[in-house]
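# Residue-level structural notes
Okay, here's what each chain looks like letter by letter:
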Amino acid sequence: MKAVVQRVKRTTLKVDGELISEIPFGLTVFLGVQCGDTREQADYLMRKIAALRVFEDENGKMNLSVKDVGGEVLLVSQFTLLGDASHGNRPSFTLAERPELAEPLYEYAKTQLTAQGVVVKGGVFGADMQILQANDGPVTILLER
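As a starting point, this report considers the structure included with it. (Residues numbered from 1 in each chain as written. Predicted model: local features only at pLDDT ≥ 70, side-chain atom pairs only at ≥ 80, totals over all residues. Heavy atoms only, no water.)

On to the pairing of strand 3 (residues 26–32). With seven of seven residues buried, strand 3 is to be regarded as a mostly interior element. The pairing of strand 1 (residues 2–15) with strand 3 spans seven bridges and is classified as antiparallel. Note that in strand 3 the partner of Val5 across the bridge is Val29. Note that strand 3 and strand 6 (residues 72–77) share six bridges and pair parallel. Bridge pairing in strand 6 links Phe30 to Val76. (Buried < 20%, exposed > 50% of the residue type's maximum accessible area, 1.4 Å probe, protein only. Helix = DSSP H or I, 4+ residues; strand = E, 2+ residues; numbered from the N terminus. Pairing = 2+ DSSP bridges.)

The structure is reproduced here in structure tokens:
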């Protein structure tokens with residue numbers, strides 16, 4: 001399981017021009033579910049994301065979590081994070097979990113992050129989503145489990 005975590009000032013997510021989700025500030029998290037990933041891996045990553053100290057404190061140090069600053073998380077399923085382009089220029093997605101197994105794990109991850117006390121919004125699994133975000137910093141962290 002892979003997660004790309006980006007600190008943002010604002011993010012909007014649309015499908016077919018319709019606004020689905022938006023957050024005023026916090027973290028946009030792109031989550032890739034790999035073949036064989038488990039709930040335990042999702043638990044670990046969601047705890048890590050909720051506690052990740054990437055927001056500045058009063059001294060300008062990255063020392064506060066999204067919970068500490070009252071931010072929100074937009075959690076987006078993104079199978080392309082599992083793309084393997086090591087052989088040629090066209091990525092292979094054979095490492096990505098099948099949708100019928102990945103979607104329940106993505107939904108589970110959303111509930112686990114919410115259980116950490118974070119306001120969580122999501123995308124539409126398998127949809128063609130248009131995401132506009134104002135990165136803050138930029139701060140981008142790659143997490144794997």
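For the rest of this paragraph, the subject is the packing of helix 1 (residues 39–51) against helix 2 (residues 99–115). Between helix 1 and helix 2, whose axes approach to 9 Å, the crossing angle comes to 40°. The pairing of helix 1 with helix 2 is recorded here as oblique in orientation. At the point where helix 1 passes helix 2, the crossing takes the right-handed sense. Across the interface between the two elements, Arg39, Ala42, Asp43, Met46, Ile49 and Ala50 of helix 1 pack against Leu105, Tyr108, Ala109, Gln112 and Leu113 of helix 2. (Axes fitted to C-alpha atoms, helices over the stretch in contact; angles between N-to-C directions. Parallel < 35°, antiparallel > 145°, perpendicular 65-115°, else oblique. Left-handed = near helix turned anticlockwise from the far one by under 90°. Contact = heavy atoms within 4.5 Å.)

Turning our attention to the environment of Ala50. With respect to the element layout, Ala50 can be found in helix 1. Residues Ala50 and Arg98, 48 residues apart in the sequence, show an inter-C-alpha distance of 27 Å. Each residue touching Ala50, except ones within four places of it in the same chain, is listed here: Ser65, Val66, Lys67, Leu113, Gln116 and Val118.

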